[in-house]
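# Coordinates in review
What follows is the residue order along each chain.
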Amino acid sequence: MSENRFAPGPPAVLVLEDGTRYTGRAYGAVGRTLGEVVFATGMTGYQETLTDPSYAGQIVLQTAPHIGNTGVNTEDRESARIWVAGYVVRDPSRVVSNFRAEGSLDDELTRDGVVGIAGIDTRAVTRHIRSAGAMKAGIFSGDEAELSTGTQLDLVRHGADMTGRNLSGDVSTGEPYRMAATGERVGTVAVLDLGVKKSTLLYLAERGFDVEVLPQTATADQVKALNPDALFFSNGPGDPAASDAHVELLRESLRAGVPYFGICFGNQLLGRALGFPTYKLPFGHRGINQPVLDKTTGRVEITSQNHGFAVDLPVEGVHDSPEGFGRAEVSHYSLNDNVVEGLRCLDIPAFSVQYHPESAAGPHDANHLFDRFRDLVIARRDETTFTPDLSTGDQN
């Protein structure tokens, strides 16, 4: 057992846009932070959540009451730093007790300057958000906690809205880089980094792809110069309606017949590229226990999710793309609220899912989608017919 022990910090307060306040103690860095408050329902995998670039601009509240007991380590990071704007927990672990731990979560939050709050009723906050919807919020600790109630509320209400916000530039790589295939080589995939996670790149490499990771500023000409066998759009933060350049890049690639796979933000951008709108969910889907129906196989998969926007499309029926890409259908949908969780194009080699099949902490029900992508690329390369194999959940 590690001797690293959590010491309660100075007074702190979580202030919501509607004026609701919750008092607790500082956790991590001390100061002020603003963002959209959202809740994540995972019982495990908090380090993956914190280092997921999709959470940029958001104050994440963990519904699981006990956080930090396994500490942190380098291997489980999905990126080089913590991306959440703030962190809200109920009961931080007083000790770190795990043979893989390299430090405490509290120290990691402090190192990355993440202002957090502990010791509040996180279930009560969650119920409030579920009723009122996700909203702007702020955490104030130390000297910032001494500001007047009115000043704190004004700061929160003048914070940035997530709607209409493009955050890809904040989280994307600055320069292109390459990861060589580790499995039997299939070809090259160009990955547009909109906030990609390390596990995604590893899974693509394991399926035999040489992975060419590109900044979110990449142009169609830059992608074409790579002559990729496939294109992949990653997860990422922000409003898909604010990503017109990414949509146009995808449309040009689809017109060229390049096979495409997108996850999370990449699903929303495929919807937009096909000509379908997106919209903001009341409180989003976040956590590692979200049930989704795969209409292709008829199976229910428990998935990891992190999205506040979705494609606006009926889950039943075949839909004609207003942008001329032929027919498309909803391939997956949420069993909690019927939100679109996946798209499949019937006349071009493209599909996407709204959730995270690469989830490192689990569940791994949807990991086979990387195999489906590999098989799609092979089928396209060999000019064979791509048909679903309903017996395995994969496609060949």
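Since the structure is predicted, the reported quantities are computational estimates derived from the model, not experimental observations.

### Overview of the state of the cysteines
Under the counting rule described, the total for this entry stands at zero disulfides. Its sulfur unpaired, Cys-264 is 18 Å from the next cysteine sulfur, which belongs to Cys-345.

### Observations concerning the sheet that holds strand β9 (residues 135-141)
Around the barrel, seven strands lie side by side as β1-β2-β8-β6-β4-β3-β9; this closed barrel has mixed pairing. On average, each strand axis in the sheet is tilted by 35 degrees relative to the strand beside it, whichever way the strands run. Both strand β4 (residues 58-62) and strand β6 (residues 86-88) contribute to a ladder of three bridges, which runs parallel. Bridging from a neighbouring strand, Val-60 pairs with Tyr-87 of β6.

### A short note on the domain arrangement of the chain
In terms of domain boundaries, the chain breaks down into domain 1 (11-158) and domain 2 (168-384). Averaged C-alpha coordinates put domain 1 and domain 2 at centres separated by 29 Å. Each side of the interface is counted separately: domain 1 has 25 residues, and domain 2 has 24 residues. Together, the buried faces of domain 1 and domain 2 total about 1,900 Å²; carbon and sulfur atoms form 46% of this surface. Summed over the three residues of domain 1 that lose the most area to domain 2, namely Glu-48, Ser-54 and Glu-78, the buried surface amounts to 30% of that side. Remark: the boundary between domain 1 and domain 2 carries two salt bridges.

### Describing the packing of aromatic side chains
Taken as a whole and assessed by the stated rule, the structure comprises nine aromatic pairs. Here the aromatic rings of Phe-261 and Phe-351 are separated by 4.6 Å at their centres, their planes lie at 20 degrees, and the arrangement is stacked. Taken together, the positions of Phe-261 in strand β14 (residues 260-263) and Phe-351 in strand β20 (residues 350-353) put the pair 90 residues apart, joining distant regions of the chain. Take Phe-351: its relative accessible area is 6%, and that puts it in the buried class. A ring pair is formed by Phe-261 and Phe-370, whose centres lie 5.9 Å apart and whose planes are at 80 degrees; its orientation type is edge-to-face. A residue pair is termed long-range when its members are at least 10 positions apart, and Phe-261 in strand β14 and Phe-370 in helix α10 (residues 369-382) qualify at 109 residues. Three or more aromatic residues link up through ring pairs in this structure, and these residues are Tyr-203, Phe-209, Phe-232, Phe-261, Phe-351, Phe-370 and Phe-373.

### Brief notes about the UniProt feature "domain: Carbamoyl-phosphate synthase small subunit N-terminal" (unreviewed entry) in the chain
Here the UniProt-annotated "domain: Carbamoyl-phosphate synthase small subunit N-terminal" (unreviewed entry) positions come out as residues 10-140. In residues 10-140, the share of helix is 18% and the share of strand is 34%. The end C-alpha atoms are 10 Å apart.

### A closer look at the UniProt feature "active site" (unreviewed entry) in the chain
Feature annotation in UniProt places "active site" (unreviewed entry) on Cys-264, His-356 and Glu-358, given in this structure's numbering. A maximum C-alpha distance of 11.0 Å among these annotated residues, which run over 95 residues, shows that they cluster at one spot. Among the secondary structure elements, Cys-264 is positioned in the loop between β14 and α9 (265-274). Judged by its relative accessible area of 1%, Cys-264 is buried. If near-sequence neighbours (up to four positions away) are discounted, Cys-264 is found in contact with Asn-235, Asn-306, His-307, Val-353, Gln-354, Tyr-355 and His-356.

### Digging into the side chain of Ser-168
Mapped onto the elements, Ser-168 comes out in helix α5 (residues 168-171). Assessed through its relative accessible area of 0%, Ser-168 is described here as buried. In this structure Ser-168 touches Leu-194, Gln-216, Pro-237, Ser-243, His-246 and Phe-265, once residues within four positions along its chain are discounted.

### Topic: a nonpolar patch on the surface
Residues Val-300, Ile-302 and Leu-335 make up a contiguous nonpolar surface patch of about 230 Å² in total accessible area. Mapped onto the elements of the fold, Leu-335 is located in the loop between β18 (327-334) and β19 (340-345).

### Some thoughts on unusual backbone geometry
Phi is positive for Asn-227, which is not a glycine, with a value near 50 degrees. Structurally, Asn-227 can be placed in the loop between α7 (220-226) and β13 (230-233). Given the relative accessible area of 63%, Asn-227 is considered exposed. Despite not being glycine, Asn-338 has its phi angle at roughly 65 degrees, a positive value. Position of Asn-338 among the secondary structure elements: in the loop between β18 and β19.

About the thresholds
- Per-chain numbering applies: the sequence of each chain, read as written, is numbered from 1 onward.
- For this predicted model, a pLDDT threshold of at least 70 governs which residues receive local features, and a threshold of 80 or more governs which side-chain atom pairs are given and counted, while totals over whole chains, interfaces and linings are taken from all residues.
- The side-chain numbers reported here are obtained from all heavy atoms of the structure, hydrogens and water having been left aside.
- The disulfide criterion is simple: two cysteine sulfur atoms within 2.5 Å.
- When DSSP finds at least two bridges between two strands, those strands are taken to pair.
- The numbering of helices and of strands both runs from the N terminus, where a helix is a DSSP run of H or I of at least 4 residues and a strand a run of E of at least 2.
- To obtain an axis, a line is fitted to C-alpha atoms, over the contacting stretch when the element is a helix, and the angle between two such axes runs from 0 to 180 degrees between their N-to-C directions.
- An automatic or database domain assignment is the source of the domain bounds shown.
- Contacts are assigned to residue pairs with any non-hydrogen atoms lying within 4.5 Å of each other.
- What counts as buried area is the accessible surface, traced by a 1.4 Å probe, that two parts surrender upon association, with contributions from both included.
- Salt bridge criterion: a side-chain nitrogen from Lys or Arg within 4 Å of a carboxyl oxygen from Asp or Glu.
- Whether two aromatic rings pair depends on their centres lying within 6.5 Å, for rings of Phe, Tyr and Trp, where Trp uses its six-membered ring; planes under 30 degrees apart make the pair stacked, over 60 edge-to-face, and the rest tilted.
- Each residue gets one of three labels from its accessible area relative to the maximum for its type: buried under 20%, exposed over 50%, partly exposed in between, using a 1.4 Å probe on protein chains only.
- UniProt positions are given in the numbering used here, feature names are shortened, and annotations may be inferred rather than shown by experiment.
- Think of a patch as exposed residues, more than 30% relative accessible area, with no salt bridge, where like charges cluster within 9 Å and nonpolar side chains (Val, Leu, Ile, Met, Phe, Trp, Tyr) cluster within 5 Å.
- In short, Shrake-Rupley with a 1.4 Å probe defines the accessible areas, and a residue's cover is counted only from the protein chains shown.

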